[in-house]
Amino acid sequence: MNQDKNKKAKNVYELAQERLDIIFREFDNIYVSFSGGKDSGVLLNLCIDYIRKHNLKIKLGVFHLDYEIQYKMTIDYVDRILEANKDILEVYRICVPFRVRTCTSMHQSYWRPWDQEMKKLWVRPMPKDVMTEKDFPFLHEKMWDYEFQLKFAAWLHEKKDAVRTACLVGIRTQESYNRWRTIYGGNKMQYYHHYQWSYKIANDVFNFYPIFDWKTTDIWVANGKFGWDYNKLYDLYYQAGVNLERQRVASPFISEAIQSLHLYKCIDPDTWGKMISRVNGINFTGIYGTTYAMGRSGVKLPDGHTWKSYMEFLLSTLPEETRRNYLSKLHTSIKFWRTKGGCLSDETIQKLIDLHIPIEVRNLTNYKTHKKPVMMEYLDDINIPEFREIPTYKRMCLCILRNDHACKYMGFALTKQESQMKDYILKQYKDIWT
């Protein structure tokens, strides 16, 4: 009982130190996934300090995916911290032309950094001493960036002939529901021992999330208290009035970054001038990414339309491949709500009943939740706070307007093609480790 009370009294820094104790004691191959953002930067600094404080005679791996298009301040920060600690770091700086999702264009669902066919349009020269596609025999033309990260972990584990490999990832549950789910929605069978802040990705290869319980304010308190170097881009974000929770340095073309894409024009005009010819739709998105033209700031239904007819109109304006992608997502979702149902709270269910919306409620579900599965047809629109939980054609319109090719806003189930991709990745791991 006293031990539990003491544990609760520890702050997030002390808890992170305990997690690092476990990792550095029990793993012989350790690397940090470092993007140049505030979270991965703090995690890297934590590990660097830990190694120096304990005088460990090891090299810490640093896995950095260079996406070609980034703020110069981010690149400068990456260069600074790697150079300042080169005595204890083993750097894997990677420039490869994998697929990366983009939400800037209805014509282009992905782009490729460092694409040799686009070399004349590269935003900047490729850095020296980086790892390229020739270094990775597992890289193939259809590989996505997130798939590469998983493959890299297995490749490095084998290359190092390691007993156990730990990949440290700086995600925090405060950032998004998906990140919360990474920690709290996992399968206990995939944990390293009983540690909920871990996840097995291959035999003897684990992701660890040592700062999962940190708040944004904890990140900045740590930088100030310990005098750690950080990406000075955040200072400009702050001066520009960008909310602390919205300050991101991720790939600039994913859905989470669209509303701040226009800041490139002000903060890094030289990069902006080059990037608008590099990826389709950047200039339009930079101008209209925060407006109703791209599904933001209160989209209004055009006169004479229902949301369903407006969706059909929007689909008719798209290239054939893009249109088929959205229709596939839509059909998957309609079937899901008709046959399995989405899980809703009792409060939301009562609101639907009060609005006389036909629904069928079941008491049992295979999901780990207290909510109940509700089967229903797609609605045109619904005016309740739980709008994003209900299947409506308005949500589909917002997806199309936002060029959300993956339909993250809809929370759609995987299509057949995406399921096959997932099965392919899992099969590759099975082939490697059996």
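Read on for an overview of the structure. Since we're looking at a predicted model, the values are computed, not measured.

1. Some points on the sheet that holds strand β11 (residues 372-375)
Next, step 1: The antiparallel open sheet is built from three strands, whose spatial order is β9-β11-β10. Single-partner strands in this sheet number two, and they are β9 (342-344) and β10 (360-361).
Next, step 2: On top of the sheet, helix α13 (residues 320-339) reaches β9 and β11; it is set at about 115° to β11, its chief contact.
Next, step 3: Across the face of the sheet, helix α14 (residues 346-354) comes into contact with β9, β10 and β11 while running at roughly 100° to β9.

2. Description of α13
Next, step 1: Taking 1.5 Å of rise per residue, the 20 residues of α13 would be expected to cover 28 Å, and the 28 Å separating its terminal C-alpha atoms lies within 8% of that figure.
Next, step 2: Of the residues making up α13, those classed as buried are Thr322, Tyr326, Lys329, Leu330, Ser333, Ile334 and Trp337. The buried side chains of α13 occupy one side of the element, clustering within an arc of 135° when seen end-on. Opposite the packed face of α13, turned more than 90 degrees from it, sit the exposed residues Glu321 and Lys335.
Next, step 3: Positive phi shows up at Gly341, right after α13, with a value of about 90°.

3. Describing the sheet that holds strand β3 (residues 89-94)
Next, step 1: Reading across the sheet, the six strands line up as β3-β2-β1-β6-β8-β7 and stay open at both edges, with mixed pairing between neighbours. Because the sheet does not close on itself, it has two edges, and the strands there are β3 and β7 (198-202). Neighbour-to-neighbour, the strand axes of the sheet open up by a mean angle of 25°, direction not taken into account.
Next, step 2: Across three bridges, strand β1 (residues 29-33) lies against strand β2 (residues 60-65) in parallel orientation. Within β2, the residue paired with Ser33 across the bridge is Phe63.
Next, step 3: In the packing of helix α2 (residues 12-26) onto the sheet, contacts are made with β1, β2, β6 (165-169) and β8 (205-208), and the angle to β6 comes to roughly 155°.

4. Concerning the pairing of β6
Next, step 1: When you tally the buried positions in β6, you get five out of five residues, the bulk of the element.
Next, step 2: Residue alternation in β6 divides its side chains into two sets, Thr165, Cys167 and Val169 and Ala166 and Leu168, and both sets are buried.
Next, step 3: With five bridges joining them, β1 and β6 adopt parallel strand pairing. Bridging across to β6, Val32 finds its partner in Leu168.
Next, step 4: Across four bridges, the pairing between β6 and β8 is parallel. For Thr165, the partnering residue across the bridge sits in β8 and is Val205.

5. Some details on helix α5 (residues 145-159)
Next, step 1: With 15 residues, α5 should reach 21 Å at 1.5 Å per residue; the first-to-last C-alpha distance of 20 Å fits that figure.
Next, step 2: Buried residues of α5: Asp145, Glu147, Phe148, Lys151, Phe152, Ala153, Ala154, Trp155, Leu156 and His157, and no others.
Next, step 3: Just past α5, the residue Asp161 takes up positive phi, approximately 50°.

6. Digging into the packing of helix α3 (residues 38-53) against helix α7 (residues 216-226)
Two quantities define a packed helix pair, namely the angle between the axes and the distance from one axis to the other.
Next, step 1: Closest axis-to-axis distance for the α3/α7 pair is 10 Å, and the angle between their directions is 45°. Between α3 and α7, the angle falls in the class oblique. For the element pair α3 and α7, the recorded crossing hand is left-handed. Facing α3, whose interface residues are Lys38, Asp39 and Val42, α7 presents Thr216, Ile219, Trp220 and Asn223.
Next, step 2: Here the contact of α3 with α7 is built from residues that sort into three nonpolar, two polar and two charged.

7. Structural notes on the packing of aromatic side chains
Next, step 1: For the coordinates displayed, the defined rule picks out 38 aromatic pairs.
Next, step 2: Seen in terms of ring centroids, Tyr110 and Trp144 are 5.7 Å apart; in terms of plane orientation they differ by 75°. Their pairing is edge-to-face. Linking Tyr110 in strand β5 (residues 110-111) with Trp144 in the loop between β5 and α5, this pair joins segments that are 34 residues apart in sequence.
Next, step 3: For the ring pair Phe206 and Phe208, a centre distance of 6.2 Å and an interplane angle of 40° mean the geometry is tilted.
Next, step 4: Using a relative accessible area of 0% as the deciding quantity, one classes Phe208 as buried.
Next, step 5: Through a chain of ring-to-ring contacts, the aromatic side chains of Tyr31, Phe63, Tyr67, Tyr92, Phe98, Phe136, Phe138, Phe148, Phe152 and Trp155 assemble into a single cluster.
Next, step 6: Over the ring of Trp197 we find Arg19; its NZ or CZ atom is 5.9 Å from the centre of that ring.
Next, step 7: One residue, Arg99, lies across the ring of Tyr110, its end atom 4.3 Å from the ring centre.

8. With respect to the pattern of salt bridges
Next, step 1: With the rule as written, the count across this model stands at 19 salt bridges.
Next, step 2: Between Arg93 and Asp66 there is a salt bridge; the shortest N-O distance is 3.7 Å. Highlighted residues: Arg93 in strand β3 and Asp66 in the loop between β2 and α4 (72-84), separated in sequence by 27 residues. Asp66 carries the same exposure label as Arg93, and that label is buried.
Next, step 3: Close ionic contact of Asp66 with Arg124 constitutes a salt bridge, the shortest N to O distance being 2.4 Å. Here Asp66, found in the loop between β2 and α4, pairs with Arg124, found in the loop between β5 and α5; they are 58 residues apart in sequence, far enough to count as distant. The burial state of Asp66 is the same as that of Arg124; both residues are buried.
Next, step 4: Residues joined by salt bridges that share partners form a network here, namely Asp66, Asp79, Arg93 and Arg124.

Procedures and definitions
- Residues numbered from 1 in each chain as written.
- Predicted model: local features only at pLDDT ≥ 70, side-chain atom pairs only at ≥ 80, totals over all residues.
- Heavy atoms only, no water.
- Pairing = 2+ DSSP bridges.
- Helix = DSSP H or I, 4+ residues; strand = E, 2+ residues; numbered from the N terminus.
- Contact = heavy atoms within 4.5 Å.
- Axes fitted to C-alpha atoms, helices over the stretch in contact; angles between N-to-C directions.
- Expected span 1.5 Å × (residues − 1).
- Buried < 20%, exposed > 50% of the residue type's maximum accessible area, 1.4 Å probe, protein only.
- Arc of directions from axis to C-beta.
- Parallel < 35°, antiparallel > 145°, perpendicular 65-115°, else oblique.
- Left-handed = near helix turned anticlockwise from the far one by under 90°.
- Nonpolar A, V, L, I, M, F, W, Y, C, P; charged D, E, K, R; others polar.
- Phe/Tyr/Trp six-rings, centres within 6.5 Å; stacked < 30°, edge-to-face > 60°.
- Lys NZ or Arg CZ within 6 Å of the ring centre and 35° of its normal.
- Salt bridge = Lys/Arg side-chain N within 4 Å of Asp/Glu carboxyl O.

Worth remembering: the numbers are spatial, not functional.
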